[in-house]
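If you want the building blocks of each chain, they are given just below.
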Amino acid sequence: MINKDVIIIGGGAAGLAAAVACRKKGLEDILIIERESDLGGILKQCIHDGFGLIKFQNSYTGPEYAQKYIDQVQECGIEFLLDSMVIDITNQKILTVVNKSGLKKYLAKSIILAMGCRERTRGAIGIPGTRPAGIYTAGVAQNLINIHNYMIGKEVVILGSGDIGLIMARRLMLEGATVKMVLELLPYGSGLPRNFNQCLADYDIPLHLNHTVVDIKGGKRVEAITMAKVDSKGKIIESTCQEISCDTLLLSVGLIPENELTKMAGILLDPLTGGALVDEYGQTTINGIFACGNVLQVHDIVDNVSLEAEHIANGVGRYLSSLLKPKNNIKIEIGPGLRYVLPQHIQYLDDTVFSFRVKKPGNKKQIIFRNDSRIIKKKSFIRVNPAEMIRIKLTSSELSDIKHLKVELN
Amino acid sequence: MNKNTENHFDVIIIGAGVVGCSIARELSRFKVKVAVLEKESDVGWGSSCRNSGVIHAGFNNKPGTLMAKYCVEGNQKFQSIAQELDVPFKKTGKLVVAKKKNEIIELKKLKRQGELNGVKNLEIIGEQEIKELEPNVRGVAALLSPETSITSPYLYTIALAENALKNGIQFYLDTEVKNIEKKANSKFVLKTPYKQFITDYLINSTGVYSDEIARMAGIDRYRIYPCRGEYFVLDKNASSLMNHLIYPVPHIEEGGLGIHLTPTVDGNVLIGPSNEYIDTNNRNDYAVTMEVLAKLCKEAQEFLPAISPRYFIRNYAGIRSKQTPPLQGGYKDYVLEENEEASNMINLIGIESPGLTAAYPIAKKVVSMIDEKEILSPNPKFNPFRKGILRFEEQDDETKRILVEQNSDYGEVICRCEQVTKKEILEAINNPLGARSLVSIKYRSRAMMGRCQGGYCQTRILELLKDKYNYGWNDFLLKGSGSNMLTGNRSNGESNI
């Protein structure tokens, strides 16, 4: 058994930022466990820019952003394992790790979960039709093109207007493929507004809202898909079915926080986020186990992942010094119009950054924090959008003496 | 029976499904020169890999039929065969659940039918007992069949083929028989795109194409009506919802067993199969359809309300070789026969459920039909044992530790969801049959069968194929020739060495 003060599962954006922040807090005995051959996580394959606008006032590519943290990890001498998979975790914080050197057990005083997400698959959404070659989730396609230097198709239809799909639309065009269209089930786009301009409009790729794929044709390789319009209830309008010939279907239909290890440890998840139930320090329902980054909630901007992960270090530090003394346990209620709020409950009434997403796009909206009838904080937005996470900080003085907390969208 | 030219055989089996591979293995017990010709790039890609993996007890089949006889015998023999071949096997038992009181009489009929067929330990249980055995299932009564078991139909087919290969049988994949000529000396000449074969005995185990192959040899009396069954595969988290196979009371006129809930040996759950006749001109139509998927989902929830779409990870379909046309439905018994038009050609027609269970008895019967004419002499080198790929995930921690120590390739977990290591994937890539499509690797190693469906491991498997076999972009096939995964290298990219 190897003892560690802090073990971080995942060396991507969240894990790296958490590690560096923990070291800056004075924590020495840290270990990052990463399954791939390099640190950086998904950032390694995101060769487009736009990363770091908040944190570094600069527009970096994914690998550049990751390198900023990898450099700090190396400068600080933070220990990390590569090509290493955590295959088991217990509620006693015992980890089983496998790599070429062997199978080892670690006893951690604290654990930071930073495993990121997986992509939702064709099978999970049950698209009818055959199962030929040429159906890829956007992330896999991105990996094949950017890391392995392959081309995955010539005539592409993209289902899902999430950021990865939009980025890949541009990528494919730049590599000489034809992206015929992007189909989006909802009446509005799922990605960041800037990506619609920079990835679709700039390349004359049509976007069809209220549309989905209802059939895939092709024995060995994709030959065509059938697109159809859906009504306001999401039901397919049969008469609008139209066959589109293509050799590739790219799916960008959602990310799912990868919480298999989390469940193994017996940690409770929030069905609204797909991630763990946490307090303001990102501590889960098991004391000493924290979660941050995409494994906690799906982020759209990596800078927020870093900020979230950096805040975790405060909690980890205090936990290890036995300074986390809960004052009160207040469950955050959310009003209609909000999909979720994080954290789901607060215990210490310290400065807290709340993250949430709205259910639908809207103009001239207000986010209101209430303690029963008393309004604690109000913030106005010209535009709100499910694709853009909202983060609002409440200070400890704003939170002092509250009995209940509700977040509303007006 | 010595054939001196390399393309002359004593016996040729057309079709490397579970039945063809069973026959190959049974023949390898004797000194016979045998080849198996398979049109696909791997064994079992027809119905054999696409069913529920159930080893049926035999109460669903009419007494006196071959289906009934072979099912019961196959069920009783399966465990020992599975052990010889290192194939997974679980005796979960089955519950046929009556939702309404007026279905109980059907249960009693099934029980009696089973007992007539020689099925052991069948029992009718009541509502309370159902609740105790299966807390999530609703029903007023059920037939409990403890002898019903599950296996992995694709691992079974692969194991049979590998053992047959080891014992001297030759396998020709990607070899479609285009033409059969009967010679005056009653030999058969088979033409395939790349090679010609000559054989004394010909076995037609081509499943859904068996009538067409028969017709090539001048036999026009058979008709196969392809009938598709669609499935959902559920996440392993769903396996906690049931312990047994859960089936509704079957309705004969539908021509299938009804939609069932089947746990798999790996811990997934299958919903299905459905039942729809498809166009006889398109027997390869493995598409899943919107209407059927919706129906499967709804009917499954009727039995097990806890089933929800969040468990779904994949759909697939298989095609039954039915001898009864759409308007008739129902079943016709297996046909295993020679014909006047082509003596020494044994046709296996209409091998639908319980085909997986019946494969071994069918194989033995086919061998006895040849033995009657030829008097086969035993192969002293025959070895019934075959070892599959060791599953790292199934071992305890101490065994895992030792495995990694002995071979560091066990220390690299490539498929996160199913915990499949590099060692296992390399073994799957280097399989004895030489099948190297991604799906062949998937079936043998279980990589890509988890909830992310290859999202993490797919690119890593391609990397391994490139390392081991120097694959270029054109070589990566999903499932056989024509299923190219890539369309080129990046225009100005260096190749990834």
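Anything mentioned here points back to the structure above.
Quick summary incoming for the structure in this document. (Residues numbered from 1 in each chain as written. Chains lettered and ligands numbered in written order. Predicted model: local features only at pLDDT ≥ 70, side-chain atom pairs only at ≥ 80, totals over all residues. Heavy atoms only, no water.)

**Details of the overall build of chain B**
Thought 1: From N to C terminus, chain B includes 12 helices and 23 strands.
Thought 2: Referenced to the eigenvectors of the C-alpha coordinate spread, the extents of chain B come out at roughly 65 × 60 × 45 Å.
Thought 3: Looking at chain B as a whole, 62% of its 497 residues qualify as buried.
Thought 4: At a minimum sequence separation of 6, the contacts of chain B that also span at least 24 residues come to 72%.
Thought 5: Accessible surface, chain B: about 19600 Å² in total, of which carbon and sulfur atoms supply 48%.
Thought 6: Charged side chains of chain B number 65 positive and 61 negative; the gap between the two group centres comes to 1 Å. (Helix = DSSP H or I, 4+ residues; strand = E, 2+ residues; numbered from the N terminus. Buried < 20%, exposed > 50% of the residue type's maximum accessible area, 1.4 Å probe, protein only. Contact = heavy atoms within 4.5 Å. Areas by Shrake-Rupley, 256 points an atom, 1.4 Å probe, with all protein chains shown as cover. Lys, Arg positive; Asp, Glu negative; His and termini not counted. Charge placed at Lys NZ, Arg CZ, Asp CG, Glu CD.)

**Description of the packing of helix α2 (residues 66–85) of chain B against helix α8 (residues 355–374) of chain B**
Residues and elements named next belong to chain B.
Thought 1: The geometry of α2 relative to α8 is characterised by a closest axis approach of 7 Å and an angle of 100° between their N-to-C directions. The orientation of α2 relative to α8 falls into the category roughly perpendicular. On the side of α2, the interface is formed by Tyr70, Cys71, Glu73, Gly74, Asn75, Lys77 and Ile81, while α8 contributes Thr357, Ala358, Tyr360, Pro361, Ile362, Lys364 and Lys365.
Thought 2: Its residues assigned to classes, the contact of α2 with α8 comprises seven nonpolar, three polar and four charged. (Axes fitted to C-alpha atoms, helices over the stretch in contact; angles between N-to-C directions. Parallel < 35°, antiparallel > 145°, perpendicular 65-115°, else oblique. Nonpolar A, V, L, I, M, F, W, Y, C, P; charged D, E, K, R; others polar.)

**Topic: the environment of Glu223(A)**
Residues and elements named next belong to chain A.
Thought 1: You can see Glu223 is positioned in the loop between β15 (211–217) and β16 (224–229).
Thought 2: Along the primary structure Glu223 and Glu79 are separated by 144 residues, whereas in three dimensions their C-alpha atoms are 49 Å apart.
Thought 3: Beyond its immediate stretch of four places on either side in the chain, Glu223 contacts Lys217, Gly218, Ser245 and Cys246.

**A short note on the sheet that holds β16(A)**
All names here are of chain A.
Thought 1: Pairing within the open sheet is antiparallel, and its three strands lie in the order β15-β16-β17. Each of the sheet's edge strands pairs with one partner strand only, and the pair in question is β15 and β17 (242–245). On average, adjacent strands in this sheet sit at an angle of 35° to one another, irrespective of strand direction.
Thought 2: Note: β15 against β16, six bridges, orientation antiparallel. The residue bridging Asp215 from the neighbouring strand is Thr226, located in β16. (Pairing = 2+ DSSP bridges.)

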